[in-house]
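# Coordinate inspection notes
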Amino acid sequence: MIARIFLTVLLSGVLLYAWKEYRLSPVVAFLSVLASCWGLYFVWVPEHATELAHLAGVGRGVDLILYTWVVISLILLLNLHLKLRAQMETITLLARSIALTNARK
Amino acid sequence: MDTVVIVIAAYNEAKVIAGVVREVVAGGYKVILVDDGSRDGTADVARQAGALVVVHPVNLGQGAALQTGIELALAEGADVIVTFDADGQHHVSDIANLLAALKTNAADFALGNRFMGGAVDMTGTRRLLLRAATIFTRLTTGLRLTDTHNGLRAMTRRGASHIGLRQNRMAHASEILHQIAASGLKFIEVPVTITYSAYSRAKGQKLTDFFAILIDLFARSLQR
């Protein structure tokens, strides 16, 4: 039960994060919500995870949950990449403004 | 008489930039050179050769440099803006062809096309990559072009005001086509000649750059 509550809190955190990140990238937010809901479902209905894991050929249900977690991590990594891009765009605007101001002096 | 401004983006091109700028100035054109954070004195060399130089405090990439040049050219009252490579692979004589094509066809964009003109000493790998880029652009923009990554292009003031490059690096070449398609303005392809040298081949795009372009375009499509 402790593990379930712990995972639920973590996945709920991902859901909140996805809601917060919706403005930056709706696609990433949607994928995060999808993956975390998928994860929550498996945490609370693990027998379905095992059945699905057998169907998918990944062995145990816990493996499927692990894979889901890996997918969530990759999505968050993609979001981090997008944030870095957004920061680079800000730096670009700043550098351009400095360059154009100096050019007109 | 239209004011024509040639925008050149340069990064560490001190070896060749004087020759390129002098040739363009000798053709009767005003040159804006955007030094993209070079560390080899490119800005000073270009200034002495007759260019109006604008310097990025840090290296941002060719796309960012071109956007800076376009914005400065518009502020300087340009009627027509031509983007031109710094590595000496473009020919000044082609600028007149681009300008004439804009006028004759009442178009807002004239895009250089090396496959309609000439590509001297182009490697087979580059030809293959450019063909792949052409197919990709057709699929993603619907534009029926045959040379999609050619840096030699001319645009009217109206056309330039529709361009706002956000891809700092090489993906800008695809982004500009997306923006041309989105503007709904008329464009034409014009035969130009690109002469590759050992220098320009060394500075040019590599296979890995094309993957970086795809990643950049994908990441951009996820952003607002």
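Residues numbered from 1 in each chain as written. Chains lettered and ligands numbered in written order. Predicted model: local features only at pLDDT ≥ 70, side-chain atom pairs only at ≥ 80, totals over all residues.

### Some thoughts on the overall build of chain A
Secondary structure summary: chain A contains four helices and zero strands in total. Listing the helices and strands of chain A from first to last along the sequence gives α-α-α-α. A compact globule built from 105 residues would reach a C-alpha radius of gyration of about 13 Å, whereas chain A, at 20 Å, exceeds it by more than 25%. Judged by the C-alpha coordinates and their principal axes, chain A covers about 70 × 25 × 20 Å. Burial statistics for chain A: of 105 residues in total, 24% are counted as buried. Of the contacts made within chain A by residues no fewer than 6 positions apart, 52% connect residues no fewer than 24 positions apart. (Helix = DSSP H or I, 4+ residues; strand = E, 2+ residues; numbered from the N terminus. Rg over C-alpha atoms; globule rule 2.2 N^0.38 Å. Buried ≥ 20, exposed ≤ 12 C-beta atoms within 10 Å, placed from the backbone. Contact = placed C-beta atoms within 7 Å.)

### Focus: the overall build of chain B
Within chain B, the regular secondary structure consists of nine helices and seven strands. Its C-alpha atoms give chain B a radius of gyration of 16 Å, near enough to 17 Å, the size a compact globule of 224 residues would have. Across its three principal directions, the C-alpha atoms of chain B cover 45 × 40 × 40 Å. Looking at chain B residue by residue over its 224 residues, the buried ones come to 46%. The long-range share in chain B, meaning contacts at least 24 apart out of those at least 6 apart in sequence, stands at 76%.

### Here we look at the interface of chain A and chain B
Counting residues at the interface gives 17 residues for chain A, matched by 16 residues for chain B. Among the elements of the structure, helix H2 (26–44) and helix H4 (61–104) of chain A are those that each provide at least two residues to the side of chain A that touches chain B. Here the side of chain A that touches chain B gets 13 residues from one element, more than from any other, and that element is H4(A). Looking at side-chain class alone, the side of chain A that touches chain B contains ten nonpolar, four polar and three charged residues. (Nonpolar A, V, L, I, M, F, W, Y, C, P; charged D, E, K, R; others polar.)

### Remarks on the packing of helix H1 (residues 2–21) of chain A against H2(A)
Residue and element names in this part refer to chain A. Running from N to C, H1 and H2 cross one another at 165°; their axes reach a closest spacing of 9 Å. Viewed along their axes, H1 and H2 adopt a mutual orientation that is roughly antiparallel. Crossing handedness for the pair H1 and H2: left-handed. Contacts from Arg 4, Leu 7, Thr 8, Leu 11, Val 14, Leu 15, Tyr 17, Ala 18 and Glu 21 of H1 reach H2 at Val 28, Ala 29, Ser 32, Val 33, Ser 36, Gly 39, Leu 40, Val 43 and Trp 44. Of the residues belonging to the contact of H1 with H2, the class tally is twelve nonpolar, four polar and two charged. (Axes fitted to C-alpha atoms, helices over the stretch in contact; angles between N-to-C directions. Parallel < 35°, antiparallel > 145°, perpendicular 65-115°, else oblique. Left-handed = near helix turned anticlockwise from the far one by under 90°.)

### Notes on the sheet that holds strand E3 (residues 52–55) of chain B
Residues and elements named next belong to chain B. An order of E3-E2-E1-E4-E6-E5-E7 is seen for the seven strands of this open sheet, with the pairing classed as mixed. Each edge of the open sheet is held by one strand with a lone partner, namely E3 and strand E7 (187–195). Taking the axes of each pair of neighbouring strands and ignoring which way they run, one obtains an average angle of 25° across the sheet. Across eight bridges, the pairing between strand E5 (residues 109–120) and E7 is parallel. (Pairing = 2+ DSSP bridges.)

### Describing the environment of A:Met1
Relative to the elements of secondary structure, A:Met1 occurs in the segment before H1. Sequence separation between A:Met1 and A:Asp63 is 62 residues; the distance between their C-alpha atoms is 18 Å.

### Details of the confidence of the model for chain A
Chain-level statistics for chain A give a pLDDT mean of 84 and a share of 98% at 70 or above. Of all the helices and strands in chain A, helix H3 (residues 46–56) of chain A carries the lowest mean pLDDT, 80, while H4(A) carries the highest, 87. (pLDDT = per-residue confidence, 0-100.)

### Notes on the pairing of E3(B)
All names here are of chain B. Two strands pair when backbone bridges link them, and strand E2 (residues 30–35) and E3 are joined in this way by four bridges, in the parallel orientation. By the bridge assignment, Leu 33 is partnered in E3 with Val 53. In the classification by handedness, the crossover that spans E2, the intervening helix H2 (residues 42–49) and the parallel E3 is right-handed. (Right-handed = clockwise from strand over helix to strand, strands pointing away.)

### Re H2(A)
Residues and elements named next belong to chain A. With 19 residues, H2 extends 27 Å from end C-alpha to end C-alpha; this agrees with the ideal 27 Å at 1.5 Å per step. Every buried residue of H2 is accounted for by Val 28, Ala 29, Leu 31, Ser 32, Ala 35, Ser 36, Gly 39 and Phe 42. Viewed along the axis of H2, the buried residues span an arc of 160°, placing them on a single side of the element. (Expected span 1.5 Å × (residues − 1). Arc of directions from axis to C-beta.)

### What about the pairing of strand E6 (residues 153–156) of chain B?
Residue and element names in this part refer to chain B. In E6, alternate side chains face the same way, and those of Arg 153 and Met 155 on one face and Ala 154 and Thr 156 on the other are all buried. Summarising the sheet, strand E4 (residues 80–85) and E6 pair through four bridges and their orientation is antiparallel. Following the sheet pairing, Thr 83 is matched in E6 by Arg 153. Taken together, the three bridges between E5 and E6 define a ladder with antiparallel strand orientation.

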